[in-house]
Amino acid sequence: MFFQPQQYYKRIPVTAKIIPLAAPRRHQRKTTEEAAIDNGLVRRFKKGDVSAFKTIVLMYQAKLIGLVKRYLHNHADAEEVVQETFIRAYKGLHAFRGDSSLSTWLHCIAINLARNRYQYDRRRMRDSMVSSYVQPKTGVVVDFADTLASEEKGVVQSISLD
């Protein structure tokens with residue numbers, strides 16, 4: 001006799017419709033009010049009102065730190081990158097055309113700086129690994145430059161003694 005799985009399952013009548021739940025949005029789109037506030041702050045800054053930039057910093061600082069921290073996994077580095085982001089935004093806000101929203105512009109600056117920082121840290125770590133090693137017997141970290149200098153010194157001393 002062949003196995004028939006229908007016999008082993010109860011038949012449950014489907015009377016209710018299953019409504020799929022919408023996935024929660026991770027990032028909400030800006031409302032027109034928020035966009036108008038951003039545009040007003042940019043206009044005020046372009047006219048020379050420095051307090052408008054302070055407001056921009058207060059509005060976006062926490063969001064940008066969270067964003068950059070996801071890339072760098074270090075809060076101190078994230079704060080440095082966000083500070084550099086606002087410095088660059090301050091210098092370039094006069095040339096901001098408004099093709100994209102202010103938050104998009106700030107996010108692009110922050111992400112580019114975070115990528116640069118990440119690549120710099122990786123390169124620095126790789127270079128430091130190449131330029132030093134741990135002696136297996138003693139466990140002491142030895143720098144190749146120091147090793148070469150001591151070997152050259154020994155060669156010079158042996159030549160002078162001969």
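Criteria and cut-off values
- Residues numbered from 1 in each chain as written.
- Predicted model: local features only at pLDDT ≥ 70, side-chain atom pairs only at ≥ 80, totals over all residues.
- Heavy atoms only, no water.
- Salt bridge = Lys/Arg side-chain N within 4 Å of Asp/Glu carboxyl O.
- Buried < 20%, exposed > 50% of the residue type's maximum accessible area, 1.4 Å probe, protein only.
- Helix = DSSP H or I, 4+ residues; strand = E, 2+ residues; numbered from the N terminus.
- Axes fitted to C-alpha atoms, helices over the stretch in contact; angles between N-to-C directions.
- Parallel < 35°, antiparallel > 145°, perpendicular 65-115°, else oblique.
- Left-handed = near helix turned anticlockwise from the far one by under 90°.
- Contact = heavy atoms within 4.5 Å.
- Nonpolar A, V, L, I, M, F, W, Y, C, P; charged D, E, K, R; others polar.
- Expected span 1.5 Å × (residues − 1).
- Polar contact = N/O pair within 3.5 Å; in protein donor to acceptor, adjacent residues only side chain to side chain.

Colleague: Help me understand the pattern of salt bridges in this model?
Modeller: Two side chains carrying opposite charge are able to pair once their charged atoms lie near each other. Summed over the entire model, instances satisfying the criterion amount to six salt bridges. A salt bridge links D49 to R44; the shortest N-O distance between them is 2.9 Å. Among the residues examined, D49 registers a relative accessible area of 28% and is labelled partly exposed. Overall, R44 belongs to the partly exposed group, its relative accessible area being 35%. Notably, a salt bridge pairs D121 with R117, separated by 3.7 Å at the nearest N-O pair. With D121 and R117 both in helix α4 (residues 102-130) and four residues apart, the pair spans about one turn of that helix. Through salt bridges with shared partners, one network takes in D77, E80, R117 and D121.

Colleague: Explain unusual backbone geometry to me, please; I cannot follow it from the model alone.
Modeller: You will see that H73, though not glycine, has its phi angle at about 60°, which is positive. Inspection of the secondary structure puts H73 in the loop between α2 (50-72) and α3 (75-92). The exposure class assigned to H73 is exposed, which follows from its relative accessible area of 67%.

Colleague: Got a minute to help me understand the packing of α2 against α3 in this structure?
Modeller: Angle between the axes and distance between the axes: these two values describe a pair of packed helices. In the contact formed by α2 and α3, the axes pass within 8 Å of each other and the chain directions differ by 140°. When the axis of α2 is compared with that of α3, the two are oblique. For the pair α2 and α3, the crossing hand works out as right-handed. The segment α2 lies against α3, with V50, F53, I56, V57, Y60, Q61, L64, I65, V68, K69 and L72 engaging H75, D77, A78, E79, V81, V82, T85, F86, A89 and Y90. Grouping the constituent residues of the contact of α2 with α3 by class yields 15 nonpolar, three polar and three charged.

Colleague: Even after reading the chapter, I still don't get α3, so can you show me in this structure?
Modeller: The α-helix advances 3.6 residues per turn, and as a result positions three or four apart in sequence lie on the same side. Taking 1.5 Å per residue as the helical rise, α3 with its 18 residues ought to reach 26 Å, and the 25 Å between its terminal C-alpha atoms agrees with that figure. With a side-chain oxygen positioned 3.1 Å from the backbone nitrogen of A76, the residue opening α3 is N74.

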